[in-house]
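Letter by letter, the chains look like this.
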Amino acid sequence: MAECIVIRVNGHAISVRDGITVAVALLQADELHFRTSVTGEPRAPLCGMGICFECRVTINGHTHARSCQILVREGMQVVT
C-alpha cells in the first residue's frame, strides 16, 4: 500500500497517496473547479492524458501545469 504524503491545495493541507497525479489528488479532495475559462466558466479535467489542457493549475509557482501529468510530491503547493 502506498504511503501518504501532505500537499497544500489553495492553502489547505491535504493528505494524499504518494504516486497519484495532482488531478487525482484534487478530485479525491472534492476540488472540482481547477481553473476558470476566459468566459468565466469553471473547468476541470476532461481527458486525463494531457491533451485537453482543462486540468491546468499552478504548482509550486509554475502556472498552467497539466495536473493530470504530474505526480504529487511531499510539500507541493497547488493553486486552482
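Reading the values: rules and limits
- All residue numbers refer to position in the chain's written sequence, counted from 1.
- Where local features are concerned, this predicted model is filtered to residues with pLDDT of at least 70; where side-chain atom pairs are given and counted, the filter is 80 or more; whole-chain, interface and lining totals use all residues.
- Hydrogens and water molecules were not included; the side-chain quantities draw on all heavy atoms of the structure.
- Definition used for salt bridges: Asp or Glu carboxyl oxygen within 4 Å of a side-chain nitrogen of Lys or Arg.
- Each helix is a run of H or I in the DSSP string that is no shorter than four residues. Each strand is a run of E no shorter than two, and both are numbered from the N terminus.
- The cut-offs for exposure are 20% and 50% of the maximum accessible area for each residue type, with area from a 1.4 Å probe on protein chains only; residues under the lower value are buried, those over the upper are exposed, and the others partly exposed.
- We treat two strands as partners when DSSP finds at least two bridges between them.
- Here a polar contact means two N or O atoms within 3.5 Å. Within protein one must be a hydrogen donor candidate and the other an acceptor candidate, and residues neighboring in sequence count only if both atoms are side-chain atoms.
- Any two residues having at least one pair of non-hydrogen atoms within 4.5 Å are treated as being in contact.
- Residue-level confidence of the predictor, termed pLDDT, takes values from 0 up to 100.

1. Quick notes on the pattern of salt bridges
Next up, step 1: In the structure shown here, the tally under the stated rule is three salt bridges.
Next up, step 2: Across the pair R35 and E54 runs a salt bridge whose closest N-O atoms are separated by 3.0 Å. Highlighted residues: R35 in strand 3 (residues 35–36) and E54 in the loop between strand 4 (42–43) and strand 5 (56–59), separated in sequence by 19 residues. When sorted by exposure, R35 lands in the same class as E54, which is buried.

2. A look at the pairing of strand 6 (residues 62–66)
Next up, step 1: Looking at chain direction, strand 5 and strand 6 are connected through three bridges and run antiparallel. Of the residues in strand 6, the one forming a bridge with I59 is H62.
Next up, step 2: The hairpin formed by strand 5 and strand 6 contains two residues between the paired strands, and N60 there has a positive phi angle of roughly 50°.

3. Structural notes on the side chain of E54
Next up, step 1: Residue E54 is classed as buried on the basis of its relative accessible area, which comes to 14%.
Next up, step 2: Within the structure, E54 has its side chain in polar contact with the side chain of R35 (distance 3.0 Å).
Next up, step 3: Beyond its immediate chain neighbours, meaning those up to four positions away, E54 contacts F34, R35, R43, A44, P45 and L46.

4. Quick notes on the confidence of the model for the protein chain
Next up, step 1: When pLDDT is averaged along the protein chain, the result is 95; 99% of the residues meet or exceed 70.
Next up, step 2: Within the protein chain, strand 7 (residues 77–79) carries the highest mean pLDDT (98), whereas strand 3 carries the lowest (92).

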